[in-house]
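A structural walkthrough
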Amino acid sequence: MPFNPLSILNGAVDASGAGGSIRSAIANASQKTGIDFNYLMGQAKLESGMRSNAHSGTSSASGLYQFVDQSWLRVVKAHGAEHGLGWAANAISTSASGKAVVNDPATRQAILSLRNDPTAASLMAAEHASDNKGAIEGTLGRSATSTDLYMAHFLGLGGARQFLTAMQANPDRSGAAMFPAAANANRGVFYDSTGAPRSLSQIYNRFAAKLDAAGAPQTIDATSGLSATRLGEWGADVIPGNGEQSTSNAAVWAQNTLAQLSGTSSLAGTRTETASLLRPTPNTARLAYMMLATMGA
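Sequence order sets the numbering: in each chain, residues are counted from 1 along the sequence as written. Given that this is a predicted model, residues contribute local features only at a pLDDT of at least 70 and side-chain atom pairs are listed and counted only at 80 or more, while totals for whole chains, interfaces and linings are drawn from all residues. Excluding hydrogens and water, the side-chain values take into account all heavy atoms of the structure.

1. Quick look at the overall build of the protein
Quick reminder of the rule: Note on conventions: DSSP H or I runs of at least 4 residues are helices, E runs of at least 2 residues are strands, and numbering of each starts at the N terminus. The classification of residues rests on relative accessible area computed with a 1.4 Å probe and restricted to protein chains. Under 20% of the type maximum is buried, over 50% is exposed, and intermediate values are partly exposed. All accessible areas in this document rest on Shrake-Rupley with a 1.4 Å probe, and a residue is counted as covered only by the protein chains that are shown.
Tallying secondary structure elements over the protein gives 15 helices and 2 strands in all. Across the 297 residues in the protein, those meeting the buried criterion constitute 52%. Roughly 12,700 Å² of accessible area belongs to the protein as shown, and the carbon and sulfur atoms make up 50% of that amount.

Pasting the structure below:
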C-alpha cells in the first residue's frame, strides 16, 4: 500500500484491499516479534472485527486492536523507535504521576491516529503482547497462553495478573465482582444470557474458545462487540507498507511538505485534490521536521 500521510495527520484509513493489507500487516508483525500469527489474527477479530477504523462507544479505544489513549502512547514510547517511529516516541514523555503525555496537541493527535493504521497497530499489539508475556510468566511461574495474553490486553497487565492469580486460587469466583468497571462496559463477557455473573474460569474459557475460532484462517468473526476497559496502567512501522519502503515513502512526503513551504515542490504525480489536502500548515511542517530528524533524511 503506498504511503498516505493523511492516515497519520487526519486518522484517515485507506480501505482499498483492506482485508489483504490487514492480514499482511499482522503477518509482518508476527515475523518481526515472534508473537503467534493466529493469536494476533484472533485478537484483531475479537477486538475490532478486523476493522482498522473501529472505535469504542464506551472508552477511548480505537483501531484494529482497540488501544485506549494511554496504552497506545505508552507502547509507542517503549517500542516506536524500533519500528521507524522515533519521531513519535521522542514526542512522548512521562509525567510525575506516570501518565504518558505529548505537549503538542497536533502531534498527540497524529500519534493517536496511528492506531487506525494496520501496520502500526499490528506491530504495537505484538510488542505489547511480548512485554505482557514475560510479565505474566514471571507472575504465574508458567508459560503464558494466548488467552493469558488476551486477558492482559483486555484488562491491562495489572488486571490480568489479578484475574489469572485469582483464577488459580478460586476459579469459581465472580468476575464482575472483581472487575465492576469492565463488567459494566462488557456485560456480555461478565454475565450470561440470564443476567447471572460468570465465574473467572467461565470468562477465561469463553475467551479461549473465541480466540481458537477467530484465529483459524477460514474464520471471520466481526460481531463480538467487545468494549474493553483496560484497567491496568498499560491498559501496542506505522506507515502503511513494510520496512524500508515505508520509511522511504514517509521521508519523501516529509521532504515534499517542507519543500512546499519554500515553494520549491509541486508534489509531482500527486492528484490535485490530494495535494490541496496536504498543503503545509505549521502543524504538518512540525511533524515533517520531526520525521526527517528521526530518519536522518
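2. Description of the nonpolar core
As a reminder, the rule being used: Definition used in this section: a nonpolar core is a set of buried Ala, Val, Leu, Ile, Met, Phe, Trp, Tyr and Cys residues joined via side-chain atoms within 4.5 Å.
With 63 residues, the main nonpolar core has Ile26, Tyr65, Trp72, Ile111, Phe163 and Phe190 as its most contacted residues. Considering each element in turn, this core owes the most residues, 12 residues, to helix α8 (residues 146–169).

3. What about the pattern of salt bridges?
Convention followed: Here, a salt bridge means any side-chain nitrogen of Lys or Arg that lies within 4 Å of a carboxyl oxygen of Asp or Glu.
Inspection of every chain in the model, using the stated rule, returns 4 salt bridges. The partner of Glu137 in a salt bridge is Lys133, and the shortest N-O contact between them spans 2.9 Å. Taken as a pair, Glu137 and Lys133 lie in helix α7 (residues 118–140) at a separation of 4 residues, close to a single helical turn. Taking the relative accessible area as the measure of exposure, Lys133 reaches 33% and is therefore partly exposed. One salt bridge connects Arg142 with Asp148, and the closest N-O pair in it is separated by 2.6 Å. Since its relative accessible area comes to 30%, Arg142 is described here as partly exposed. Connected through shared salt-bridge partners, Asp69, Arg108 and Arg115 make up one network.

4. Some words on helix α4 (residues 69–79)
This is how it is decided: We call two residues in contact whenever any of their non-hydrogen atoms come within 4.5 Å of each other.
Among the 11 residues that make up α4, 9 are buried, leaving the element largely enclosed by the rest of the structure. Along α4, the residues that are buried comprise Asp69, Gln70, Ser71, Trp72, Leu73, Arg74, Val75, Val76 and His79. Considering only its buried residues, α4 is in contact with α5 (86–91), β1 (92–94), β2 (100–102), α6 (105–113) and α7.

5. A word on the packing of aromatic side chains
Note on aromatic pairs: each is described by the distance of the centres and the angle between the planes. Which entries qualify depends on this criterion: Each Phe, Tyr or Trp ring (for Trp, its six-membered ring) is paired with any other whose centre lies within 6.5 Å, and the angle between the two planes then decides the class: stacked below 30 degrees, edge-to-face above 60, tilted in between.
Throughout the structure, instances matching the rule amount to 6 aromatic pairs. Seen from their ring centres, Phe154 and Phe207 are 5.2 Å apart, and the 65° between their planes marks the pair as edge-to-face. Linking Phe154 in helix α8 with Phe207 in helix α12 (residues 200–215), this pair joins segments that are 53 residues apart in sequence. Judged on exposure class, the residue Phe154 and its partner Phe207 are both buried.

6. Considerations on the packing of α4 against α7
To be explicit about the condition: Here an axis means a line fitted to C-alpha atoms, over the contact stretch when the element is a helix, while the angle between two N-to-C directions is reported on a 0 to 180 degree scale. These descriptions rest on fixed angle ranges, namely under 35 degrees for roughly parallel, over 145 for roughly antiparallel, 65 to 115 for roughly perpendicular, and the rest for oblique. Amino acids outside the nonpolar list (Ala, Val, Leu, Ile, Met, Phe, Trp, Tyr, Cys, Pro) and the charged list (Asp, Glu, Lys, Arg) are all regarded as polar, and Gly is one of them.
As a packed pair, α4 and α7 sit with axes 10 Å apart at the nearest point and diverge in direction by 85°. Between α4 and α7, the angle is such that the two are roughly perpendicular. Seen from α4, the contacting residues are Trp72, Val75, Val76 and His79; seen from α7, they are Ala120, Ala121, Met124, Glu127, His128 and Asp131. Per-class residue counts for the contact of α4 with α7 are 6 nonpolar, 2 polar and 2 charged.

7. Description of the confidence of the model for the protein
In plain terms, the rule: Confidence scores here are pLDDT values: one per residue, from the predictor, ranging 0 to 100.
Residues of the protein with pLDDT of at least 70 account for 65%, and the chain-wide mean is 76. Highest mean pLDDT in the protein belongs to β2 (98); lowest belongs to helix α14 (residues 272–277) (31). Low pLDDT (under 50) marks residues 217–249, which in the prediction has 105 contacts with non-local residues, meaning those over four places away or in another chain. This stretch, residues 264–282, has a pLDDT under 50; its non-local contacts, to residues over four places away or in other chains, come to 18 contacts.

8. Quick notes on the environment of Thr33
Note on placement: Thr33 falls in helix α2 (residues 18–33). For the pair Thr33 and Ser130, spaced 97 residues apart in the sequence, the C-alpha separation amounts to 7.4 Å. If we skip the residues at most four places from it in the chain, Thr33 touches Ala126 and Glu127.

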